[in-house]
Amino acid sequence: MQAIIFKVMPKNHDRRWGPFRRFGKEEHQDCHRQCEKAAELISANASGIILVATGYSPGKESEMAYHLRILKKHGVDCDERVIKIYSGLETIHQMEIAKTVAVTRGAKLVFIVAWVHWLRVKYMAWVCSIKASVIATGGKARPWDVMIEILFILLYPFYLFLPLRKLFKFLARGLRWLKSELHWWLLERYVAFNIRISA
């Protein structure tokens, strides 16, 4: 049986206060449904391996820690069946790393994505000649993610040009850092405001 690499494409699970948070129960979120699907698929494939990657998550549970926690909750042996990747903050870089792992192992590659992420991953796989299946899961998406994916639709044509692809990687890293700093600034203002009110 051919080995299969199941790559969980992360969507931020942040549930803190702020403009980037999630709403609703954890088990209803799209990021949770991705892990559920990965656990389901790997239980049916004895040679399957799940790839999880870290993310830029200062001050909270990292994307990798979150995925490992949910996978363990659904019965996955994370020591034996999971490969941890400690690089690649943006989607395209993680896809390239997953491709390298799959080629090295002679394995089939399957991306498990949130429904809101499906079109972007499918398009990037085509542009970057990454041979892989893409499985979308349901669940609640962050409002922020929905808005960002709509914006990315307008940027898709630029992925056809390698220099612009490299520029996007650089900008994506910067925006992730900026978003994190903005979140902490807003949170500090919110806490300070409530302290003044309660005083």
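None of the values given here were measured: they were computed from a predicted structure.

Caption draft 1: The sheet that holds strand S2 (residues 49-53), seen in detail. Within the open sheet, the five strands sit side by side as S3-S2-S1-S4-S5. Their pairing is parallel. Each edge of the sheet is formed by a strand with only one pairing partner; in this case those strands are strand S3 (82-85) and strand S5 (133-137). The mean angle between the axes of side-by-side strands here comes to 25 degrees, regardless of whether they run parallel or antiparallel. Summarising the sheet, strand S1 (residues 4-8) and strand S4 (residues 108-114) pair through five bridges and their orientation is parallel. Note that in S4 the partner of Ile 4 across the bridge is Lys 108. Across the sheet, helix H2 (residues 63-73) touches S1, S2 and S3, and the angle it forms with S2 is around 145 degrees.

Caption draft 2: Molecular detail of helix H5 (residues 143-155). If you check H5, its first and last C-alpha atoms are 19 Å apart, about what 13 residues at 1.5 Å a residue would give, namely 18 Å. Within H5 the residues assigned to the buried category are Asp 145, Glu 149 and Phe 152. The arc that holds the buried residues of H5, viewed along the axis, is 60 degrees, so those residues lie on one side. Of the residues in H5, the exposed ones pointing more than 90 degrees away from the buried face are Met 147, Ile 150 and Leu 154.

Caption draft 3: Inspection of unusual backbone geometry at higher detail. A positive phi angle, near 55 degrees, is found at Ser 129, a position not held by glycine. With respect to the helices, strands and loops of the structure, Ser 129 is situated in the loop between helix H4 (118-127) and S5.

Caption draft 4: Region of the structure containing the environment of Lys 73. Among the secondary structure elements, Lys 73 is positioned in helix H2. As for Lys 73 and Cys 35, which are separated by 38 residues in sequence, their C-alpha atoms are 9.6 Å apart. Setting aside anything within four residues of it in sequence, one finds Lys 73 in contact with Glu 26 and His 32.

Caption draft 5: Representation of the side chain of His 32 in the model. With respect to the helices and strands, the residue His 32 is situated in helix H1 (residues 30-43). A polar atom in the side chain of His 32 sits 3.4 Å from the side chain of Lys 73. Not counting the four nearest positions on each side in its chain, His 32 is found in contact with Glu 26, Glu 27, Tyr 66, Ile 70, Lys 73 and His 74.

Caption draft 6: Structural view of H4. Arg 120, Val 121, Tyr 123, Met 124, Ala 125 and Val 127 are the residues of H4 that are buried. Looking one or two places after H4, you find Ser 129, whose phi comes out positive at around 55 degrees.

Caption draft 7: How the structure looks around the pattern of salt bridges. For the structure on display, the rule yields seven salt bridges. Ionic pairing is found between Glu 36 and Arg 33, a salt bridge with its closest N-O pair at 3.9 Å. You can see Glu 36 and its partner Arg 33 sitting in helix H1, three residues apart, about one turn around the helix. Among the residues examined, Glu 36 registers a relative accessible area of 26% and is labelled partly exposed. Taking relative accessible area as the criterion, Arg 33 reaches 29% and is therefore assigned partly exposed. With a shortest N-O distance of 3.5 Å, Lys 37 and Glu 40 are connected by a salt bridge. Taken together, the residues Lys 37 and Glu 40, both in helix H1 and three residues apart, mark about one turn of the helix. For Lys 37, a relative accessible area of 23% gives the class partly exposed. Taken together, the shared-partner salt bridges in this structure form one network comprising Arg 22, Asp 30, Arg 142 and Asp 145.

Parameters and conventions
- Every chain's residues receive numbers from 1 upward, in the order its sequence appears when written.
- Where local features are concerned, this predicted model is filtered to residues with pLDDT of at least 70; where side-chain atom pairs are given and counted, the filter is 80 or more; whole-chain, interface and lining totals use all residues.
- Here the side-chain values reflect all heavy atoms present in the structure, with hydrogen atoms and water set aside.
- Paired strands are those between which DSSP finds at least two bridges.
- In DSSP terms, a helix is any run of H or I states spanning at least four residues, a strand is any run of E spanning at least two, and both are numbered starting from the N terminus.
- Each axis is a line fitted through C-alpha atoms, and for a helix only the stretch in contact is used; angles between axes span 0 to 180 degrees, taken between their N-to-C directions.
- Should any heavy atoms of two residues lie within 4.5 Å, those residues are considered in contact.
- Multiplying 1.5 Å by the residue count of a helix minus one yields the expected span of that helix.
- Think of it in three bands: residues with accessible area under 20% of the maximum for their type are buried, residues over 50% are exposed, and the middle band is partly exposed, with areas taken using a 1.4 Å probe on protein chains only.
- Here, the arc refers to the directions that run from the helix axis to the C-beta atoms.
- The definition of a polar contact used here is a pair of N or O atoms within 3.5 Å, where within protein one atom must be able to donate a hydrogen and the other to accept one, and adjacent residues in sequence count solely through side-chain atom pairs.
- Only one rule defines a salt bridge in this text: a Lys or Arg side-chain nitrogen within 4 Å of an Asp or Glu carboxyl oxygen.

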